[in-house]
Amino acid sequence: MADRSIGIIVSDPKPLPGQGSRSSGNFSTVWFGGAHQMLVEVTVDGKIDDTIVFKIAEDKSGSDPVRADNVRNNTQLSYIESNSLYIIVQQCPPNKNFKVTINPYVAN
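Here goes a summary of the coordinates provided. (Residues numbered from 1 in each chain as written. Predicted model: local features only at pLDDT ≥ 70, side-chain atom pairs only at ≥ 80, totals over all residues. Heavy atoms only, no water.)

## Looking at the nonpolar core
Soluble, globular proteins show a tendency: their nonpolar side chains are buried together. For clarity, the threshold we go by: To form a nonpolar core, buried Ala, Val, Leu, Ile, Met, Phe, Trp, Tyr and Cys residues must be joined to one another through side-chain atoms within 4.5 Å. Accessibility here uses a 1.4 Å probe with only protein chains present; expressed as a share of the type maximum, an area under 20% marks a residue as buried, one over 50% as exposed, and anything in between as partly exposed. Strands here are runs of E lasting at least two residues and helices are runs of H or I lasting at least four, both read from the DSSP assignment and numbered beginning at the N terminus. In this description, contact between two residues means that some pair of their heavy atoms is separated by no more than 4.5 Å.
In this structure, Phe54 and Phe98 are the most contacted members of the largest nonpolar core, which totals 22 residues. For this core, the leading source of residues is strand S2 (residues 37-44), giving four residues. Residues contacting Phe54, with those up to four places away along its chain left out, are Val40, Val42, Asp69, Asn70, Val71, Ile87, Ile88, Val89, Gln90, Phe98 and Val100.

Shown next as structure tokens:
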């Protein structure tokens, strides 16, 4: 695991006000570059949570494509390069914001 995260995102447990499904603001992975894989860590109140499930979508004009589905703690993803990704909650404890940390994955 590298020392620096690709992204750290805080998500609401439900869609943001006025949104149909979006539960976080946009985040970018473009600045990182060079990663081939990403490893997801999900925490609630500073503790690992394996129950939260979400999608990662890309904010585009018209329909927003889902770039990763059924994401949860310890999910390994291919590197997604975008300036406009966001989280869509699928399953989450009510009234609990959660933090998603995306790290570069380096196989040993």
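## Re the sheet that holds strand S7 (residues 85-91)
Formally: A pair of strands is labelled paired if DSSP reports no fewer than 2 bridges between them. Axis lines are fitted through C-alpha atoms, for helices just across the contact stretch, and the angle between N-to-C directions can take any value from 0 to 180 degrees.
Taken in spatial order, the three strands line up as S5-S4-S7 in an open sheet, and their pairing is antiparallel. Edge strands, defined here as strands with exactly one partner in the open sheet, are strand S5 (66-71) and S7. For this sheet the average axis-to-axis angle between neighbouring strands, irrespective of direction, equals 15 degrees. As judged from the six bridges shared by strand S4 (residues 53-58) and S7, these two strands associate in the antiparallel manner.

## Some remarks on the packing of aromatic side chains
Short version of the rule: Stacked, tilted and edge-to-face are the three classes applied to pairs of Phe, Tyr and Trp rings, where Trp contributes its six-membered ring and a pair requires centres within 6.5 Å; stacked means planes under 30 degrees apart, edge-to-face means over 60, and tilted covers the rest. The criterion for a charge sitting over a ring is simple: Lys NZ or Arg CZ within 6 Å of the ring centre, and within 35 degrees of the ring normal.
Considering all chains together, one arrives at one aromatic pair under this definition. Ring centres of Phe54 and Phe98 lie 6.0 Å apart, and the angle between their planes is 35 degrees; on these two criteria the pair is classed as tilted. Of this pair, Phe54 sits in strand S4 while Phe98 sits in strand S8 (residues 98-104); the two residues are 44 residues apart in sequence, bridging distant segments of the chain. A relative accessible area of 0% means that Phe54 is categorised as buried. Across from the ring centre of Tyr86, 3.8 Å away, lies the NZ or CZ of Arg22, which sits over that ring.

## Details of the environment of Thr43
Checked against the element boundaries, Thr43 lands in strand S2. Placed 30 residues apart in sequence, Thr43 and Asn73 show a C-alpha to C-alpha distance of 8.0 Å. Among residues more than four places away in sequence, those in contact with Thr43 are Ile48, Asp49, Phe98 and Lys99.

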